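Report on the structure
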Amino acid sequence: MPIKENNQIKFRVNLQNYPMEAIYGAAYVFLSKAYLFLDNKSPEKIEVFLKGKKKFNKKQLEELKGEFLNELLNYTVRINLSKNNKKIREYIISQALYSAFGDDKVNKEDEIKYEDDPLGIAIPWEDKYGKEIEKTI
Amino acid sequence: MLINFNKNLYRLKAIKLAIKEYQNLANFSLKQKRNYIQVELSNIDKSVRKIIKDEFCNYVFFLMKS
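Presented here is a report on the structure given in the accompanying data block. All values reported here derive from a predicted model rather than from experimental measurement. (Residues numbered from 1 in each chain as written. Chains lettered and ligands numbered in written order. Predicted model: local features only at pLDDT ≥ 70, side-chain atom pairs only at ≥ 80, totals over all residues. Heavy atoms only, no water.)

**What to know about the overall build of chain A**
Helix and strand content of chain A: four helices and four strands. Of the regular secondary structure in chain A, the N- to C-terminal order runs β-β-α-β-β-α-α-α. Relative to its 137 residues, chain A shows a buried fraction of 28%. When contacts within chain A are restricted to residue pairs at least 6 apart in sequence, long-range pairs at least 24 apart make up 61% of them. Of the accessible surface of chain A, which amounts to about 10,400 Å², a share of 54% is contributed by carbon and sulfur atoms. (Helix = DSSP H or I, 4+ residues; strand = E, 2+ residues; numbered from the N terminus. Buried < 20%, exposed > 50% of the residue type's maximum accessible area, 1.4 Å probe, protein only. Contact = heavy atoms within 4.5 Å. Areas by Shrake-Rupley, 256 points an atom, 1.4 Å probe, with all protein chains shown as cover.)

**Quick look at the pairing of strand 4 (residues 45-52) of chain A**
Residue and element names in this part refer to chain A. Burial runs high along strand 4: six of the eight residues are buried. Relative to strand 4, strand 2 (residues 8-14) runs antiparallel, the two being bridged by seven bridges. The residue bridging glutamine 8 from the neighbouring strand is lysine 51, located in strand 4. The sheet contact formed by strand 3 (residues 34-42) and strand 4 spans seven bridges and is antiparallel. Bridge pairing in strand 4 places serine 42 opposite lysine 45. Hairpin connection from strand 3 to strand 4: two residues lie between these consecutive antiparallel strands. (Pairing = 2+ DSSP bridges.)

Below you can see the structure in the form of structure tokens.
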């Protein structure tokens, strides 16, 4: 049961249900909405103190707690998803980097150098049309 | 005015940085006691007396992010 007094609500969050990172994440979101303080008297439970920046009644304090717990759940899901997708993310990034490197290599191999002169531009006019031009002029 | 920051949850570096930023509003003294970092505020500026504790705690928490 949360304690509500002095425009403040106090409740406990079990670390077996929520990771510490999620508590920090939710807390950061609440910095603009409320005054926040954390404590842990037992190693498995975090005490959260939320104090309204403006005057809140008991119902509003209860709502504030509810919003905090929702945010906590949101962060917990995000962290779990991130953990579950870690391998596939790493694979995608490594593939992207590998193909980027590979493309560069292919491009260099396919690159046509000016010395190759496939259109025969570098051949002097005389060598190419020499005598015929003299006739036309 | 005394604030007890749990060492497992708050970083000393963030607390020290916050004290540096707030030092023109009050006198701060820092002690370490078992699991807690104790911050004592005295000679608090009258204009911020009511909110300094809460604002300071929020600021310490904000600094922990960076």
